[in-house]
Amino acid sequence: MKIKETSQLKQHFDQHKILVMKVLLIFTFIGGLVFFLINFPLGFYTLATIELMASLISLILWIYLRRDVSAQLFNRIAYSYVFMLCCIMLIVFSPLYTSITVFSFALLIPLLTHLLMGSRNGMIFTTVFLSITLTFFIYKHHDLPILNRPSDIANIATVVLLIWGLAFSYERSNEKAKDKLIYLASHDFMTGLYNRALLNDIFQSKLNRSYNNKMPLSMLVADLDHFKKINDMYGHYAGDEIIKKFADILQYHSGSEGTCFRVGGEEFCIVFSKTDINCCCRIAEKIRLATQNITLGNNSDFMPVTTSIGVVSCRKKICDMSALLKKADRKLYQAKQQGRNQVVS
């Protein structure tokens, strides 16, 4: 496939991350206030101020998340939150503050970064963060007895690496499963072409690209002629093979500007960016001629396969996909009425 417009489907599958992010922001808001009230009376004014700021920032981010946010905005919020949290932890881990117990918070970072940033970015961010944390820990607590006992060091390292490894492997497997579900939800299982799920998204993307380049968007709708008769005469296996071969023809002739969809049983659609109606008609004619050469094995008595095609175009900045598709369908119906096996624009 030439285009991967899966933003809406990915956003649908990432709804759990938005919920987790909201919960984290609430806990950070409350936790920031609690630690501010603890540290300010102790004289840690800088730390208390940072914790108060983190609490207020978390509240602002939570308010933003209550809206219907896009995937891009969510990623910005998630990255901002993780970066803020890591900076606060590193300040606390620095030589200015001496409590060894605060280093336990470092174990949260592998879980949070992989969940909110993905397996790849989470791995990079965690590696950098834990490396700095380890440096601070050794610098501040190099005289601890546990650092002189290999068994204690092995215990700590095992726990850290286990949490880190589980976070990475879980998120990686989750990403693979999500990608597979997105593919199944957006593609036709038989031909591998896109189905209707992404038609509007890709249409809008191509429309914007065409308008920005001051060129029209074009669409063709193709339907195999007498397909029911082919199924009845030769069986559904033969019909499926024809569908697959016809899809290959559409893919071959769609070029770099076209994206193919199977929108019905034997009905297909190609959306072209930066393509005028005359060019689209020429492509449609090549598809029509190539379809006539479809054969099934060595069966010389096989019924000729033909297609009827409707072609439409749009030059406007705002163009309704459903309306243009209906218009293309009318052109297709006109081709059927005029005898089939032809292109009408």
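Residues numbered from 1 in each chain as written. Predicted model: local features only at pLDDT ≥ 70, side-chain atom pairs only at ≥ 80, totals over all residues. Heavy atoms only, no water.

Engineer: Where do I start with the overall build of the chain in this structure?
Structural biologist: Scanning the chain from terminus to terminus reveals twelve helices and five strands. Each of the 345 residues in the chain was classed as buried or not, and the buried ones make up 44%. For the chain, long-range pairs separated by at least 24 residues make up 72% of all intrachain contacts whose partners lie at least 6 apart in sequence. For the chain, the accessible area works out to roughly 18,900 Å², and carbon and sulfur atoms hold 62% of it. With 37 positive and 25 negative side-chain charges, the chain shows a separation of 6 Å between the mean positions of the two kinds. (Helix = DSSP H or I, 4+ residues; strand = E, 2+ residues; numbered from the N terminus. Buried < 20%, exposed > 50% of the residue type's maximum accessible area, 1.4 Å probe, protein only. Contact = heavy atoms within 4.5 Å. Areas by Shrake-Rupley, 256 points an atom, 1.4 Å probe, with all protein chains shown as cover. Lys, Arg positive; Asp, Glu negative; His and termini not counted. Charge placed at Lys NZ, Arg CZ, Asp CG, Glu CD.)

Engineer: Help me understand the sheet that holds strand 4 (residues 307-314), please; the structure alone is not making it clear to me.
Structural biologist: Within a sheet, neighbouring strands are paired by backbone hydrogen bonds and run either parallel or antiparallel to one another. With mixed pairing, the five strands of this open sheet are ordered in space as 2-3-1-4-5. Edge positions in the open sheet fall to strand 2 (258-262) and strand 5 (343-344), since each of these has one partner strand only. Direction of pairing for strand 2 relative to strand 3 (residues 267-272): antiparallel, over a ladder of five bridges. Across the sheet, residue Thr 259 finds its bridge partner in strand 3, namely Val 271. On top of the sheet, helix 10 (residues 236-254) reaches strand 1 (217-224), strand 2, strand 3 and strand 4; it is set at about 10° to strand 3, its chief contact. Seen against the sheet, helix 11 (residues 277-291) touches strand 1, strand 3, strand 4 and strand 5 and runs at an angle of roughly 165° to strand 4. (Pairing = 2+ DSSP bridges. Axes fitted to C-alpha atoms, helices over the stretch in contact; angles between N-to-C directions.)

Engineer: Whenever I open this one, the packing of aromatic side chains confuses me. Can you help?
Structural biologist: For any pair of aromatic rings, the description consists of the separation of the ring centres together with the inter-plane angle of the planes. The final tally for this structure, using the stated rule, is eight aromatic pairs. A centroid spacing of 5.7 Å and a plane angle of 35° characterise the contact between Tyr 194 and Phe 261, whose relative ring orientation is tilted. Here Phe 261 lies in strand 2 and Tyr 194 lies in the loop between helix 7 (150-186) and helix 8 (199-212), a separation of 67 residues in the sequence. Ring geometry for Phe 246 and Phe 268: centres 5.2 Å apart, planes at 70°, overall edge-to-face. With a gap of 22 residues between them, Phe 246 in helix 10 and Phe 268 in strand 3 connect regions that are remote in the sequence. Looking at Phe 246, the relative accessible area reads 0%, which means it is buried. The buried category is assigned to Phe 268, whose relative accessible area is 0%. Following the ring pairs from residue to residue traces out a cluster consisting of Phe 93, Phe 103, Phe 129 and Phe 137. (Phe/Tyr/Trp six-rings, centres within 6.5 Å; stacked < 30°, edge-to-face > 60°.)

Engineer: Would you mind showing me how to read helix 3 (residues 45-65) here?
Structural biologist: In an α-helix, one turn spans 3.6 residues; hence positions three or four apart end up facing the same way. With 21 residues, helix 3 should reach 30 Å at 1.5 Å per residue; the first-to-last C-alpha distance of 30 Å fits that figure. Within helix 3, burial applies to Leu 47, Ala 48, Glu 51, Ala 54, Ser 55, Ser 58, Leu 61 and Leu 65. Projected down its long axis, helix 3 carries its buried residues within an arc of 145°, all on one side. Looking at the buried positions of helix 3, the neighbouring elements they touch are helix 2 (15-39) and helix 4 (71-93). (Expected span 1.5 Å × (residues − 1). Arc of directions from axis to C-beta.)

Engineer: I'm lost on the pattern of salt bridges in this one. Help?
Structural biologist: Across all of its chains, the model carries eleven salt bridges by this definition. A salt bridge links Arg 262 to Asp 188; its shortest N-O distance comes to 3.2 Å. One end of the pair, Arg 262, is in strand 2; the other, Asp 188, is in the loop between helix 7 and helix 8, with 74 residues separating them in the sequence. For Asp 188, a relative accessible area of 12% corresponds to the buried category. Here Lys 336 and Asp 225 are joined by a salt bridge, their closest N and O atoms 2.7 Å apart. (Salt bridge = Lys/Arg side-chain N within 4 Å of Asp/Glu carboxyl O.)

Engineer: Got a minute to help me understand a positive patch on the surface in this structure?
Structural biologist: On the surface, Lys 316, Lys 326, Lys 327 and Arg 330 cluster together into a positively charged patch. Relative to the assigned elements, Lys 316 resides in the loop between strand 4 and helix 12 (321-337). The class for Lys 316 is exposed, based on a relative accessible area of 60%. (Patch = residues over 30% accessible without salt bridge, like charges linked within 9 Å, V, L, I, M, F, W, Y side chains within 5 Å.)

Engineer: So what exactly am I meant to see when it comes to a nonpolar patch on the surface here?
Structural biologist: Judged by side-chain polarity, Ile 26, Ile 30, Val 34, Phe 35, Ile 38, Leu 42, Phe 44, Phe 105 and Leu 108 come together as a nonpolar surface patch covering roughly 780 Å² of accessible area. The dominant element in the nonpolar patch, judged by the number of residues it contributes, is helix 2, at five residues. Within the element layout of this structure, Phe 44 appears in the loop between helix 2 and helix 3. Since its relative accessible area comes to 35%, Phe 44 is described here as partly exposed.

Engineer: Is there a simple way to think about the pairing of strand 3 in this case?
Structural biologist: Across a regular strand the side chains alternate sides, sitting on one face of the sheet and then on the other. Burial within strand 3 is extensive, with six of its six residues counted as buried. Judged from the six bridges that link them, strand 1 and strand 3 form a sheet pairing that is antiparallel. Across the sheet, the residue bridging to Asp 223 is Glu 267, located in strand 3. Adjacent in sequence and paired antiparallel, strand 2 and strand 3 are bridged by four residues.

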